[in-house]
Amino acid sequence: MKPYDLLIKNGTVVTATDMYQTDIGVKDGKIVSMDKNIDPDLAEDVCNASGKLVLPGALDVHTHCQMPFGGTVTADSYLAGTRAAACGGVTTIFDYPVQHAGEPIMGIVNSKRDILQYDACVDYAMHCCITDLNGGLILDEMEQAVEEGVTSFKCFMVYKKERMMVDDATLVRILLRAKEVGALINVHAENPDMIDMYTEQFLATGKTSAWYHYMSRPEFVEAEADKRAVHWAKHLNTPIYLVHMADKEGLEACIEAKLEGAPVYIETCPQYLEFTCDVYKRDDGRNFVCSPPMKGQESQDALWTAIKAGLIDTIATDHCPFQTYEKDWGKDDFSLIPNGCAGVENMYPYMLDAANSGKLTFPKVVALCATNPANIFGCDNKGSLVVGKDADIVIYDRDKDFTVTLGTMHSDYDHTIWEGKEFHGYPVQTYLRGQLVYDDGEFVGKPGMGKYIKRSPRKVIKA
Ligand code: URP
Ligand code: ZN
Ligand code: ZN
């Protein structure tokens, strides 16, 4: 028996702060050695990474697989979503089961785990969306959830008509409880009443196109709720994680609070960095409908500036694809378009392409897509390439050109907002705990390979 199952040889390892040449020895799924000249004869299998970058697998901490939503169920099953993840260099996903009102939270979490144990192609964790305190019982159950590794929960400040929203009093009770049990609360911040009012007004006056999805939830509708969320985080001194942040004014409020020392974390998504609200004027605008919607150029610029300044903590995808026929339900009424877009396979390539073209550094991308999410959400064995961590490894070829088309993706959806996007540089291999799951365009793993990640209660460590 050789000391290593796998040796990654001659590559340039990227950490959240550095890039350097080293070999990586892997045994039983763990990184056991990082040394400049490991003898290839010591390994069962050798990956020649000469001329390539060697990156930690990304964590996409925001996905919605086979989720009932918008009158249907999202187009990617857990199998398809995690298969696509592997092919985009994502080795851990965090999905968002939504509590059924009146029911315990662990019921829904466990029912998802039952599926994932057979279907997951990469490792997985869950944030649970709390929609109802169930007479206060859920506050007790949060502690049990944390003990079982579910250390973050999501609250919707929106989706009132969909009965997923929590009001401010409920949000505050959950925030205070989270502080006690070592959990982190993720918040989708938009003002529901304004959205419902505008939606009603627009539809009543025949303004029905996808553009009015944006117009019913413009910048200030998100900003108001962002500020409200941050207000509670500041005054209760309890950590809060703002998901899919998309607007400048809200972003500035979060940054201000952060710089004052408030425990505020900010996530944004590639779609907000790539597209503006102009997409809603396109004939296929409904395919881009997600909430919050893409915003104007000023917001997009502000997001990039904040990323470069290290003021955004994570990039995640909000992967939530729907099929074309489902998006078409809203051809003549934007309020009927299921909200959400695909992205799990595109995030790491998109951000790495930004690094490859000099817009960001590679360590910054590793921090945003791997190290920070692992640290913020208590994945102790994930997110960086160091001895003792899981051997979740992506080999990246800086010279490979790649164009996104439906045919080159590995999901079950029938269209993608990323169609035609060209990348210079692309992942060529993904290893999940030392096992090859993606090889040059092909998924080569097996459903069921992914494991549940039992997370540690919150600790505030940032790369
Ligand atoms: O449009 C979106 N984002 N759909 C998924 C649900 C959510 O709000 O994250
Ligand atoms: Zn959301
Ligand atoms: Zn989401």
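Structure's up top.
In this text the structure is predicted, and so the values were computed from the model without any measurement. (Residues numbered from 1 in each chain as written. Chains lettered and ligands numbered in written order. Predicted model: local features only at pLDDT ≥ 70, side-chain atom pairs only at ≥ 80, totals over all residues. Heavy atoms only, no water.)

1. So, the overall build of the protein
- Within the protein, the regular secondary structure consists of 13 helices and 20 strands.
- A compact globule built from 463 residues would reach a C-alpha radius of gyration of about 23 Å, and the protein, at 21 Å, matches this within 12%.
- The principal-axis extent of the C-alpha atoms belonging to the protein is close to 70 × 50 × 40 Å.
- Across the 463 residues in the protein, those meeting the buried criterion constitute 63%.
- Of all intrachain contacts in the protein linking residues separated by at least 6 positions in sequence, the fraction that spans at least 24 positions is 75%.
- Counting every atom, the protein has about 16,400 Å² of accessible surface; 48% of that belongs to carbon and sulfur.
- Mean positive and mean negative side-chain charge positions of the protein (45 and 67 charges, respectively) differ by 3 Å. (Helix = DSSP H or I, 4+ residues; strand = E, 2+ residues; numbered from the N terminus. Rg over C-alpha atoms; globule rule 2.2 N^0.38 Å. Buried < 20%, exposed > 50% of the residue type's maximum accessible area, 1.4 Å probe, protein only. Contact = heavy atoms within 4.5 Å. Areas by Shrake-Rupley, 256 points an atom, 1.4 Å probe, with all protein chains shown as cover. Lys, Arg positive; Asp, Glu negative; His and termini not counted. Charge placed at Lys NZ, Arg CZ, Asp CG, Glu CD.)

2. Thoughts on the coordination of the zinc ion (ligand 3)
- Around the zinc ion (ligand 3), the protein contributes the donor atoms His62 (NE2), His64 (NE2) and Asp318 (OD), which lie 2.0 to 2.1 Å from the metal centre.
- If you look at the zinc ion (ligand 3), its 4 donor atoms make angles of 90 to 139 degrees with each other, and the shape they trace is irregular.
- In the primary sequence, the donor residues of the zinc ion (ligand 3) line up as H-x1-H-x253-D. (Donors = N, O, S within 2.8 Å, 3.2 Å for Na, K, Ca; no water. Tetrahedral: all angles 85-135°; square planar, octahedral: opposite > 155°, others 65-115°.)

3. Some details on the pattern of salt bridges
- On inspection of all chains with the given rule, the structure shows 26 salt bridges.
- For glutamate 222, the salt bridge goes to lysine 295, with nearest N and O atoms at 2.5 Å. Placement of the pair is glutamate 222 in helix α7 (residues 219-236) and lysine 295 in the loop between α9 (270-274) and α10 (297-308), with a sequence separation of 73 residues.
- On the basis of relative accessible area, glutamate 222 is assigned to the buried category, the value being 1%.
- When salt bridges that share partners are traced, they join Lys30, Asp123, Lys382, Asp390, Asp392 and Arg433 into one network. (Salt bridge = Lys/Arg side-chain N within 4 Å of Asp/Glu carboxyl O.)

4. Concerning the packing of helix α1 (residues 78-87) against helix α2 (residues 105-119)
- Closest axis-to-axis distance for the α1/α2 pair is 9 Å, and the angle between their directions is 55 degrees. Judged on the interaxial angle alone, α2 and α1 are oblique. Note that α1 runs across α2; the crossing there is right-handed. Residues Tyr78, Leu79 and Thr82 of α1 form the contact with α2, whose participating residues are Lys112, Ile115, Leu116 and Asp119.
- Residue classes in the contact of α1 with α2 are distributed as 4 nonpolar, 1 polar and 2 charged. (Axes fitted to C-alpha atoms, helices over the stretch in contact; angles between N-to-C directions. Parallel < 35°, antiparallel > 145°, perpendicular 65-115°, else oblique. Left-handed = near helix turned anticlockwise from the far one by under 90°. Nonpolar A, V, L, I, M, F, W, Y, C, P; charged D, E, K, R; others polar.)

5. Concerning the site of ligand 1
- Around ligand 1 sit 14 residues in total, of which Tyr159, His188, Ser291, Asp318 and Asn339 are the nearest.
- The contact in question runs from an oxygen atom of ligand 1 to an N or O atom on the backbone of serine 291, over 2.8 Å.
- Compared with its free state, where it exposes 260 Å², ligand 1 has 100% of that area covered by protein. (Near = heavy atom within 4 Å. Polar contact = N/O pair within 3.5 Å; in protein donor to acceptor, adjacent residues only side chain to side chain.)

6. Quick word on the nonpolar core
- Ranked by size, the top nonpolar core spans 149 residues in total, and within it Phe153, Ile185, Val264, Tyr280 and Tyr348 carry the most contacts.
- Take this core: its biggest share by element is 8 residues, from helix α13 (residues 362-376).
- Each residue touching tyrosine 280, except ones within four places of it in the same chain, is listed here: Ala210, Trp211, His213, Tyr214, Gly285, Phe288, Val289, Cys290, Pro293 and Met294.
- Val26, Ile31, Ala49 and Val54 belong to the second largest nonpolar core, which has 15 residues in total. (Core = buried A, V, L, I, M, F, W, Y, C linked by side-chain atoms within 4.5 Å.)

7. Regarding the sheet that holds strand β11 (residues 128-129)
- In space, the 6 strands of this open sheet follow the order β11-β12-β13-β14-β15-β16, with parallel pairing throughout. Of all strands in the sheet, those with a lone pairing partner are β11 and β16 (314-315), marking the two edges.
- Where β11 meets strand β12 (residues 152-156), 2 bridges bridge the pair, whose relative direction is parallel. Residue cysteine 129 lies in a different strand from β12, and its bridge partner there is lysine 154. (Pairing = 2+ DSSP bridges.)

8. With respect to helix α3 (residues 137-147)
- Listing the buried residues of α3 in full gives Ile138, Leu139, Glu141, Met142, Ala145 and Val146. For α3, the buried positions fall inside an angular range of 155 degrees around the axis, keeping them on one side. Seen from the buried face of α3, the exposed residues on the opposite side, beyond 90 degrees, are Leu137, Asp140 and Glu147.
- Against the buried residues of α3 lie α2, β12, α4 (168-181) and β13 (184-188).
- Looking one or two places after α3, you find glycine 149, whose phi comes out positive at around 95 degrees. (Arc of directions from axis to C-beta.)

9. Remarks on the coordination of the zinc ion (ligand 2)
- Surrounding the zinc ion (ligand 2) are the protein donor atoms His188 (ND1) and His244 (NE2), which sit 2.1 Å from the metal.
- Separating the zinc ion (ligand 2) from the zinc ion (ligand 3) is a gap of 3.6 Å. With a gap of 56 residues between them, histidine 188 in strand β13 and histidine 244 in the loop between β14 (240-242) and α8 (248-259) connect regions that are remote in the sequence. Histidine 244 shares its class with histidine 188; the two are buried.

10. Things to note about the packing of α3 against α4
- Two elements in contact, α3 and α4, have axes separated by 10 Å at closest approach and are oriented at 40 degrees. Crossing hand, α3 versus α4: right-handed. Listed contacts from α4 to Leu139, Asp140, Met142, Glu143 and Val146 of α3 are Arg173, Ile174, Arg177, Ala178 and Val181.
- In the contact of α3 with α4, the residues fall into 6 nonpolar, no polar and 4 charged.

11. Side note on the environment of phenylalanine 334
- Inspection of the secondary structure puts phenylalanine 334 in the loop between α11 (324-327) and α12 (347-356).
- For the pair phenylalanine 334 and glycine 89, spaced 245 residues apart in sequence, the C-alpha to C-alpha distance is 34 Å.
- Sequence-distant contacts of phenylalanine 334, that is, excluding residues within four places in its chain, are made with Thr199, Phe202, Leu203, Lys207, Thr208, Ser209, Ala210, Tyr212, His213 and Ser216.

From the geometry alone we can't say anything about function, so treat these as descriptive.
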